[in-house]
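Coordinates in review
Read off the chains here:
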Amino acid sequence: MSQEPAIPENDPQHSQWRQQPKRGCFSSFIRLLFLLILLTGLLLPFTPFAGKIKKGIQDIVESARGTKERIITRDVLRDVIKEVPVTKEIVKEVTKEVVREVQPPLPDKYIARKDIDVASLFNGITVKTKLLTEEGSFASLERLDPESYKAEFQLSIRVPKANQTMVELSRINKHLPAILPGLDAMLPAAKVSGFYHKLYENKTNRVQNDLTRLNRVLDRHNFYDTETILELTHPATQRRTLLIQSEMDVVADGSDGDRMPTLDEYIYMSDYYQPFTSYAWAKATKTPNPLLAKWEERLKKAQEEFAMKGLSSARNRELSAIISALKVEISEMKARSSLIAEKDPFVVISLLFRGYGDQNKFTPQIGDYAAVIHEGKIYPAICGDYGPSFKMGEASLLMAKTVNPKATPYIRPESDLKVTYLIFPGTAEKTRSAPDLVKWQEKCTSLLGEVGGIGSGYVLHTWDNPFKKPEPPPAPGSTTPPATTTPPASETKSAPTKAGDAKATDTKK
């Protein structure tokens, strides 16, 4: 048996042989398994099982931490799923159950209808509509027949009756019997004036004209603005009086450079302001009307626009009318003066009175004297302006603010029918002039005396002169004599006096 030669320990081959021991089967298997696991780990991310494995691991972790919400986005270009964790916890999950609406069965034939609807317009008109349907012919034929699709409009109005008795008149103002004690003597022969019926006829005609344009129909408040118009005659003096019960609207019109050379812009810039009143007189000074310069500027601008080429015919007609009106108004401003609603006490009478003076002796005219009664007070005035033929119950701004301090050109002092206007027809002065408030007071006092006078405890209001010039200061060096006072009765001596002393005392009294 041969033996391999021994290798010396200091030989290099001897050390190399000692570092490589012999491998067994188990060791080789372990090495192979490790290589397979490593290779699987490297290839697994590129297989479809990678996402499932990762998801399973995350589910295990999340179940331990609590329920989370996650948002999954997909990269379309690389088809790689990216998961972004969201830390918001789901508190409650709501499930909505959708209930399908059950529709009614379809009709087998036409069913006639009659629907009624009730509404109220902004102007106080109650609108009650009825929709009536009936079966007709073919649509191609019905669209040619105007009777197939129409509206039959009907407006119902109750025209009010007039107050006539003392009880009816007192329902408006409980002070009236006491303020005018002569009413008892005049009412038995009183007559509801034809002007009352004419007024409501005018109102109804206006409603008829605007019936197809409901937004322009006279509103309920202004339709029922007059309670009564009575023609009264005192049996003893035969003084005629027209008694009107109505509300009080405000008029802010009028201008007069002689008495008031400036005018508040708040007044003349109001919507319906007019620089004139029907009561007017010849201008007395050279002081221009406060609105003259503004009206001349308006005329200049209108003329300049009218001279431009290319305007429509409608605009030319409009400008022509404006120019004509401005020329007339400027001429009036230069020649005449008017009442000033802010400073003068006057009432406005309806245009329905104009033209009836020859056939009705109770017809009021511009300039006639009047007394205005509101609650327990009575005010002297004149008829100073005309108003619309379908309205009643207006007074100057001064009168309105005296009745109610809150009144303005836009706020009426009395909306209810609580104002009594007592007009004395045929009493206007033959020559018109600037207001003389003292004379107006005396004249109204006299006329009221002819119809029974003013009751005990009531007085006719006294107007202050708004244009009264302040008294000049005393001249330098002048002395004002001391006012003499009468000693109280308790300080009077009871000793007997001489005859001469008694006469002197009587003279002083």
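Conventions used here
- All residue numbers refer to positions counted from 1 along the written sequence of the respective chain.
- Restriction of local features to residues with pLDDT of at least 70 applies here, the model being predicted, together with a cutoff of 80 or more for giving and counting side-chain atom pairs; totals for whole chains, interfaces and linings are based on all residues.
- In computing side-chain properties, one takes all heavy atoms of the structure into account and sets aside hydrogens as well as water.
- In this scheme, a residue with accessible area under 20% of its type's maximum is buried, one over 50% is exposed, and one in between is partly exposed, where area comes from a 1.4 Å probe on protein chains only.
- The helix and strand labels rest on DSSP assignments: H or I over at least four residues marks a helix, E over at least two residues marks a strand, and numbering proceeds from the N terminus.
- Here a strand pair is declared whenever DSSP counts at least two bridges between the two strands.
- The working definition used for a salt bridge is a side-chain nitrogen of Lys or Arg within 4 Å of a carboxyl oxygen of Asp or Glu.
- Summary of the metric used: pLDDT quantifies the predictor's per-residue confidence within the range 0 to 100.
- Only heavy atoms matter for contacts: two residues are in contact if any of them lie within 4.5 Å across the pair.
- A cavity here means a set of points on a 1 Å grid, drawn over the protein atoms and nothing else, where a 1.4 Å probe fits but cannot get out; a pocket is an open set with protein on both sides within 12 Å along at least five of seven lines, and a residue lines either one if it has an atom within 4 Å of a point.
- Grid points are joined across faces, edges and corners, and a volume is the space filled by probe spheres set on the points.
- When residues are grouped by polarity, Ala, Val, Leu, Ile, Met, Phe, Trp, Tyr, Cys and Pro land in nonpolar, Asp, Glu, Lys and Arg in charged, and all others, Gly among them, in polar.
- Patch rule: a residue counts if its relative accessible area is over 30% and it has no salt bridge; like charges are joined within 9 Å, and nonpolar side chains (Val, Leu, Ile, Met, Phe, Trp, Tyr) within 5 Å.
- Areas reported as accessible are Shrake-Rupley estimates using a 1.4 Å probe. Residue values count occlusion only from the protein chains shown.
- Any pair of cysteine sulfurs within 2.5 Å is marked as a disulfide.
- Comment: axis = line fitted to C-alpha atoms, over the contacting stretch for helices; angle = value between 0 and 180 degrees taken between N-to-C directions.
- Here the angle decides the label: under 35 degrees means roughly parallel, over 145 means roughly antiparallel, 65 to 115 means roughly perpendicular, and every other value means oblique.
- Two helices that cross are described as forming a left-handed crossing if the nearer one is turned anticlockwise from the farther one by less than a right angle, and a right-handed crossing if clockwise.

A word on the pairing of strand β14 (residues 414-423)
Across the ten residues that make up β14, a large majority, seven, are buried. Two strands pair when backbone bridges link them, and strand β7 (residues 240-251) and β14 are joined in this way by six bridges, in the antiparallel orientation. Paired with Leu243 across the strands is Leu422, a residue of β14. Pairing analysis gives five bridges linking strand β11 (residues 369-374) to β14, with the strands arranged antiparallel. Each bridged residue has a counterpart across the sheet, and for Val372 the counterpart in β14 is Tyr421.

Side note on unusual backbone geometry
Backbone geometry at Gln238 places phi at a positive 60°, although glycine is not the residue there. Inspection of the secondary structure puts Gln238 in the loop between β6 (226-233) and β7. Unlike most non-glycine residues, Glu375 shows phi in positive territory, near 55°. Tracing the chain through its elements places Glu375 in the loop between β11 and β12 (377-387). Overall, the relative accessible area of 47% leaves Glu375 in the partly exposed class.

A look at the pattern of salt bridges
A side chain of one charge can pair with a side chain of the opposite charge if their charged atoms are brought near each other. Counting across every chain of the model gives 16 salt bridges. Notably, a salt bridge pairs Lys198 with Glu201, separated by 3.8 Å at the nearest N-O pair. Of this pair, Lys198 and Glu201 both sit in helix α8 (residues 194-209), separated by three residues, roughly a single helical turn. Under the relative-accessibility criterion, Lys198 is labelled partly exposed at 27%. Since its relative accessible area comes to 41%, Glu201 is described here as partly exposed. The salt bridge involving Arg259 is made with Asp256; its shortest N-O contact spans 2.7 Å.

Brief notes about the pairing of strand β10 (residues 346-350)
Counting buried positions along β10 gives five out of five residues, so the element sits mostly inside the fold. Taking every second residue as pointing to the same face, both faces of β10 are buried, with Phe346, Val348 and Ser350 on one and Val347 and Ile349 on the other. Of the strand pairs in this sheet, β10 and β12 are connected by five bridges, and their pairing is parallel. Looking at the pairing, Ser350 lines up with Gly387 of β12. Relative to strand β13 (residues 394-396), β10 runs antiparallel, the two sharing two bridges. By the bridge assignment for β13, Val348 is matched with Glu394.

What to know about the confidence of the model for the protein
With 73% of its residues at a pLDDT of 70 or more, the protein has an overall mean of 80. Taken as a whole, residues 1-5 scores under 50 in pLDDT and shows zero contacts with residues more than four places along the chain or in a different chain.

Section: the layout of surface pockets
A probe matching the size of a water molecule, rolled over the atoms, marks out where space remains unfilled. For the largest pocket, the calculated volume is near 1500 Å³. Along the wall of the largest pocket there are 34 residues; nearest its centre are Lys128, Thr129, Lys130, Glu152 and Phe153. With seven residues, the top contributor of residues to the lining of the largest pocket is strand β4 (residues 126-132). Taken together, the residues of the lining of the largest pocket break down into 14 nonpolar, nine polar and eleven charged.

Quick word on a nonpolar patch on the surface
The grouping of Phe29, Ile30, Leu33 and Ile37 at the surface amounts to a nonpolar patch, some 380 Å² of accessible area in total. The exposure class assigned to Ile30 is partly exposed, which follows from its relative accessible area of 41%.

Notes on the state of the cysteines
What the rule picks out here adds up to zero disulfides. Left unpaired, Cys444 is separated from the closest cysteine sulfur, that of Cys383, by 9.8 Å.

Looking at the packing of helix α11 (residues 292-307) against helix α12 (residues 313-335)
Each pair of packed helices can be summarised by the angle the axes make with each other and by the distance between the axes. Across the interface, α11 lies against α12 with an axial gap of 9 Å and an inter-helix angle of 155°. Looking at the two axes, α11 sits roughly antiparallel to α12. Note that α11 runs across α12; the crossing there is left-handed. Of the residues in α12, those in contact with Leu292, Trp295, Glu296, Arg298, Leu299, Ala302, Gln303, Glu305 and Phe306 of α11 are Arg315, Asn316, Leu319, Ser320, Ile322, Ile323, Leu326, Lys327, Glu329, Ile330, Met333 and Lys334.

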